[in-house]
Amino acid sequence: MKDLVIIGSGPAGMAAGIYARRGGLDTTLIEKVSPGGQAVYAHSIENYPGSYQVPGYELMFSFANHLEKFGLAPEVMEITGTELSGKVKLVHTQSATIEAKAVVIASGASPRKLGMPNEGRLTGRGVSYCASCDGNFFKGKVAAVVGGGDAAAEDALYLAKICSKVYVIHRRDSLRAQDIVQKRLFAMQNVEMVWNSVTEDILGEEKVESLLIRDVNDKTLRELPTDSIFVAIGQVPNTGLFAKEVSLAETGHIIVDREMRTNVPGVFAAGDVTVKPLRQVVTAVSDGAVASYSAIKYISTEF
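Before going into details, it helps to say that this report is about the structure given with it. (Residues numbered from 1 in each chain as written. Predicted model: local features only at pLDDT ≥ 70, side-chain atom pairs only at ≥ 80, totals over all residues. Heavy atoms only, no water.)

Turning next to the nonpolar core. Formed by 52 residues in total, the largest nonpolar core has its most connected members in L4, V5, L59, F63, I105, V246 and V281. When residues of this core are traced back to their parent elements, those giving at least two are strand 1 (2–7), helix 1 (11–22), strand 2 (27–31), helix 2 (56–69), strand 6 (97–105), strand 17 (267–269) and helix 7 (281–302). Take this core: its biggest share by element is seven residues, from helix 7. Among all residues touching V281, those that are not within four sequence positions of it are P11, A39, I45, Y48, L59, M60 and F63. Grouped together as the second largest cluster of nonpolar side chains are 23 residues, F138, V145, L157 and V181 included. (Core = buried A, V, L, I, M, F, W, Y, C linked by side-chain atoms within 4.5 Å. Buried < 20%, exposed > 50% of the residue type's maximum accessible area, 1.4 Å probe, protein only. Helix = DSSP H or I, 4+ residues; strand = E, 2+ residues; numbered from the N terminus. Contact = heavy atoms within 4.5 Å.)

Given below as structure tokens:
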């Protein structure tokens, strides 16, 4: 039986792994795809202390190397189910069932989709959820970004450096992004703000050709020519596997206390998957550290 299973190897999961191994726990860290989570796709992170304007993949590579110093590397496997309510926690994968004394859920979140009729059909053909991943495919072309937060503004800034024109489509008349990011964005000559507007549909046969835009005030429709659309309207927490046992908020995020404890004894959660006011690498790392610290205390008391 393992002491601890950590589900997810983004910033929260890797920080949890470092603290768990330093605390002497026999730990398994499970990742579905690859280490780093959504932070890998950030083209520049400038608010993580000591790492000014570092690419996301570079910072996460550093995290992974740090983790390996403590003898822990993510195991890539897909979880098919969990049984968390008993004293011994069961994590089912495609190849085996892992028993553990405690579990840290750090499964993160996935990009929220627009829900447009042609969105799925044109994904990978001009529809993207990651500017740093796919932006270079549209070098010298026209791009549109949907959203009004930090992610949307930063995506637009990145695209403005390589695309001929960037539209930023937002349902309100002001952005929610940090002031410093907004100032940089508004200074770009090839960025055009499309205020008070929402996307009704994505048009094109073999690839994205234009967007159908509706003005939220007068309800008028217009077609906006573009070669691509980058969707940055938030994240959906990856909590489907745990919804039957762990208490969730209306948003689908896991409810935790200050010690990252869920409603299930021995089950902790950390990072973007939880209810929290700020979802950044720095807060995810803090959550992961606290979650493993709490797991260590729980195991020492209960086993």
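Our focus in this paragraph is the packing of helix 1 against helix 7. Running from N to C, helix 1 and helix 7 point in directions that differ by 40 degrees, and their axes come no closer than 7 Å. Helix 7 is crossed by helix 1, and the crossing has right-handed handedness. Two secondary-structure elements touch here, helix 1 through P11, A12, A15, A16, G17, Y19 and A20 and helix 7 through V281, A284, V285, G288, A289, S292 and I296. In the contact of helix 1 with helix 7, the residues fall into eleven nonpolar, three polar and no charged. (Axes fitted to C-alpha atoms, helices over the stretch in contact; angles between N-to-C directions. Left-handed = near helix turned anticlockwise from the far one by under 90°. Nonpolar A, V, L, I, M, F, W, Y, C, P; charged D, E, K, R; others polar.)

With that settled, consider the pattern of salt bridges. The full count for this structure, using the stated rule, is eleven salt bridges. Linking K2 and D26 is a salt bridge whose minimum nitrogen-to-oxygen distance equals 3.1 Å. With a gap of 24 residues between them, K2 in strand 1 and D26 in the loop between helix 1 and strand 2 connect regions that are remote in the sequence. We note a salt bridge from D257 to R261, for which the minimum N-O separation is 2.7 Å. One salt-bridge network, in which partners are shared between bridges, spans D257, E259, R261 and K297. (Salt bridge = Lys/Arg side-chain N within 4 Å of Asp/Glu carboxyl O.)

This part takes up the packing of helix 1 against helix 2. One can describe the packing of helix 1 onto helix 2 by two numbers: an axis separation of 9 Å at closest approach and a directional angle of 20 degrees. By the angle class used here, helix 1 and helix 2 are roughly parallel. Here helix 1 runs over helix 2; the crossing is left-handed. On the side of helix 1, the interface is formed by P11, M14, G17 and I18, while helix 2 contributes M60, F63, A64, H66 and L67. Considered class by class, the residues forming the contact of helix 1 with helix 2 number seven nonpolar, two polar and no charged. (Parallel < 35°, antiparallel > 145°, perpendicular 65-115°, else oblique.)

Attention now moves to the packing of aromatic side chains. Applying the stated criterion across every chain yields a total of five aromatic pairs. Measuring from centroid to centroid gives 6.4 Å for F186 and W195, while their planes differ by 65 degrees, and the two rings are edge-to-face. The exposure class of F186 is partly exposed, given its relative accessible area of 43%. When its relative accessible area of 29% is taken as the criterion, W195 is described as partly exposed. Among the aromatic residues, those joined into a ring-pair cluster are F268, Y298 and F303. One Lys or Arg, K87, reaches over the ring of F303 and ends 4.8 Å from the middle of that ring. (Phe/Tyr/Trp six-rings, centres within 6.5 Å; stacked < 30°, edge-to-face > 60°. Lys NZ or Arg CZ within 6 Å of the ring centre and 35° of its normal.)

Looking at where Q182 falls in the secondary structure, it is placed in helix 6 (residues 179–186). Once residues lying within four places of it in the same chain are set aside, the contact partners of Q182 are L175, R176 and A177.

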